Amino acid sequence: MSELTKFSDHTKVAFLGSGNMAGAIVRGLIADGHQKDCVLVTDRSGKSGPALAKETGCTYVAETKELIAQAQILILACKPHQVADLLAPLQQEIKDSAPLVVSILAGTSCEKLAKSLPDGYSSLVRVMPNVGAALGQSTTAVATQSATENEVQAVADLFSAVGSVSVIDEGNFATFTAMAGCSPAWFAASVEALARAGVANGLSAATAMKAAAEAMRASADLLLAEEDLPLAGAEVIRRVCSPGGTTVAGLQAAESAGLRHVWAAAVEAAIARDTTLGAS
Ligand SMILES: NC(=O)C1=CN([C@@H]2O[C@H](COP(=O)(O)OP(=O)(O)OC[C@H]3O[C@@H](n4cnc5c(N)ncnc54)[C@H](OP(=O)(O)O)[C@@H]3O)[C@@H](O)[C@H]2O)C=CC1
Ligand SMILES: O=C(O)[C@@H]1CCC=N1
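Definitions and limits used
- Residues numbered from 1 in each chain as written.
- Chains lettered and ligands numbered in written order.
- Predicted model: local features only at pLDDT ≥ 70, side-chain atom pairs only at ≥ 80, totals over all residues.
- Heavy atoms only, no water.
- Helix = DSSP H or I, 4+ residues; strand = E, 2+ residues; numbered from the N terminus.
- Contact = heavy atoms within 4.5 Å.
- Areas by Shrake-Rupley, 256 points an atom, 1.4 Å probe, with all protein chains shown as cover.
- Near = heavy atom within 4 Å.
- 1 Å grid on protein atoms, 1.4 Å probe; cavity = no way out; pocket = protein on both sides within 12 Å on 5 of 7 lines; lining within 4 Å.
- Sits in = over half its atoms within 2 Å of the grid points.
- Buried < 20%, exposed > 50% of the residue type's maximum accessible area, 1.4 Å probe, protein only.
- Pairing = 2+ DSSP bridges.
- Right-handed = clockwise from strand over helix to strand, strands pointing away.
- UniProt positions renumbered as here; feature names shortened; annotations may be inferred.
- Expected span 1.5 Å × (residues − 1).
- Disulfide = S-S within 2.5 Å.
- Points joined across faces, edges and corners; volume = space filled by probe spheres on them.
- Nonpolar A, V, L, I, M, F, W, Y, C, P; charged D, E, K, R; others polar.
- Domains from an automatic or database assignment.

A. The arrangement of the overall build of the protein chain in detail. Each helix and strand counted, the protein chain has 12 helices and 8 strands in total. Dimensions along the principal axes, computed over C-alpha positions, put the protein chain at roughly 70 × 40 × 35 Å. Across the protein chain, the fraction of contacts at a sequence separation of at least 24, relative to all contacts at a separation of at least 6, is 65%. Total accessible area on the protein chain stands at roughly 15000 Å², and carbon and sulfur atoms take up 56% of it.

B. Structural detail: the site of ligand 2. With respect to spatial proximity, the complete set of residues near ligand 2 consists of Ala106, Thr177 and Gly181. When ligand 2 is considered free in solution it has 240 Å² of accessible area, and contact with the protein chains removes 46% of it. Put simply, ligand 2 lies in the second largest pocket.

C. How the structure looks around the pairing of strand β2 (residues 39-42). Both faces of β2 are covered, namely the face carrying Val39 and Val41 and the face carrying Leu40 and Thr42. Bridging between strand β1 (residues 13-16) and β2 involves 4 bridges; their strand directions are parallel. Counted as the bridge partner of Ala14 is Leu40 from β2. Traced from β1 through helix α1 (residues 20-31) to β2, the parallel crossover comes out right-handed. Crossover β2 to strand β3 (residues 59-60) through helix α2 (residues 48-56) is right-handed.

D. Spotlight on the UniProt feature "domain: Pyrroline-5-carboxylate reductase catalytic N-terminal" (unreviewed entry) in the protein chain. Taking the UniProt record as the reference, the feature "domain: Pyrroline-5-carboxylate reductase catalytic N-terminal" (unreviewed entry) is found at residues 12-107. Helix makes up 42% of residues 12-107 and strand makes up 19%, while its end C-alpha atoms are separated by 26 Å.

E. Main features of the environment of Ala269. Tracing the sequence through the fold places Ala269 in helix α12 (residues 259-279). Under the relative-accessibility criterion, Ala269 is labelled partly exposed at 46%. With 80 residues separating them in the primary sequence, Ala269 and Ala189 have C-alpha atoms 16 Å apart.

F. Just helix α8 (residues 173-200), in detail. Over its 28 residues, α8 runs 39 Å from end to end, which matches the ideal 40 Å to within 8%, given 1.5 Å per residue. Every buried residue of α8 is accounted for by Phe173, Ala174, Phe176, Thr177, Ala178, Ala180, Ser183, Val191, Ala195 and Gly198. Considering only its buried residues, α8 is in contact with β6 (124-128), β7 (138-143), α9 (205-225) and α12. Once α8 ends, the next one or two residues include Gly202, with phi positive near 110 degrees.

G. Quick look at the UniProt feature "domain: Pyrroline-5-carboxylate reductase dimerisation" (unreviewed entry) in the protein chain. Mapped onto this numbering, the UniProt entry gives "domain: Pyrroline-5-carboxylate reductase dimerisation" (unreviewed entry) at residues 170-275. Spanning residues 170-275, this segment combines 81% helix with 0% strand, and its end C-alpha atoms are found 13 Å apart.

H. Structural detail: the pairing of strand β8 (residues 163-167). Bridge analysis of β7 against β8 gives 5 bridges, and the strand direction is parallel. By the bridge assignment for β8, Thr139 is matched with Ser164. With helix α7 (residues 149-160) bridging β7 and its parallel neighbour β8, the resulting β-α-β unit is right-handed.

I. Region of the structure containing the state of the cysteines. As enumerated under the stated definition, the model contains 0 disulfides in all. Cys38 takes part in no disulfide bond, and the closest cysteine sulfur, belonging to Cys58, lies 12 Å away. Free cysteine: Cys78, not disulfide-bonded; nearest cysteine sulfur from Cys110 at 15 Å. Taking the relative accessible area as the measure of exposure, Cys78 reaches 15% and is therefore buried.

J. Local environment of the environment of Ala205. Here Ala205 lies in helix α9. According to the relative accessible area criterion, Ala205 is exposed, its value standing at 52%. Sequence-wise, Ala205 and Leu229 are 24 residues apart; in three dimensions their C-alpha atoms are separated by 33 Å.

K. Structural view of the layout of surface pockets. Looking at the second largest pocket, its volume works out to about 1000 Å³. In terms of lining, the second largest pocket is formed by 35 residues, of which the most central are Met21, Ala77, Cys78, Lys79 and Pro80. Among the residues forming the lining of the second largest pocket, the class breakdown is 18 nonpolar, 12 polar and 5 charged. Among the domains, domain 1 (13-168) and domain 2 (176-279) are the pair contributing at least three residues each to the lining of the second largest pocket.

Here it is as structure tokens:
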């Protein structure tokens, strides 16, 4: 078991990986006031880690074994297919340092991750954050099979520094991944498509993108301001759709063109891919 009982802005958080998602969490943590010298990163190429350290003031540690020796929380932030090879030569260091291990890997269950850790290693928590972490706006899910309540609380506190946190059943991770981990890219694609339609109808590309992205942000804020969240969508739609007006005409056209089907298909494909990643 790790010796960490409480998360603070002095907790040594070490990232195995300095890519897109590690970078987003590092930026968010440091913006939230985490001590820069307590945020450690490593990489494979010797490029992304130093670049992240230069940008944020976190510490780059070239030697993975040295990184683990310093870690109180060790965040696995490589690609799912890389983790077994990455951890295989590090078993003794993990036993000696006994960090609280946190995985952000898609599709990779606690049961599977445990096979890449020393026998009986229980301090393991699985999370699914999103790139909003860079702005303190991640929506993060947390699950464990073996960690203590204090360990789960420490991980929840860490990710609360970069957004909101829900503790969920691990069985729901694939669906949560689609909803919050993948969806920033899907929303970006949707805004891009909306803006392109604006350009097709005469707006400049910059005006169209600004209008579409700002409208998306306002819509999200309005949805989240509703007390009854399950009915929030219907309420915002009601307020915008003037009877016989332009919005309802557009909405009906979008629904006839498969709006609901598009989102259902995206979620189902992401869940199917999550299952494949977990099996490989
Ligand atoms: N991108 C996202 O929005 C989200 C991603 N995730 C999960 O986060 C994880 C990382 O994704 P993402 O950040 O996009 O991927 P990236 O490819 O951007 O980052 C992967 C990082 O792992 C590093 N790495 C790979 N092998 C090693 C090694 N042997 N030793 C040290 N570092 C290594 C890479 O180093 P180098 O830079 O040198 O190549 C790179 O920095 C994935 O498992 C993904 O499922 C979860 C939620 C959202
Ligand atoms: O695309 C992926 O697999 C990762 C997980 C969620 C977002 N990016």
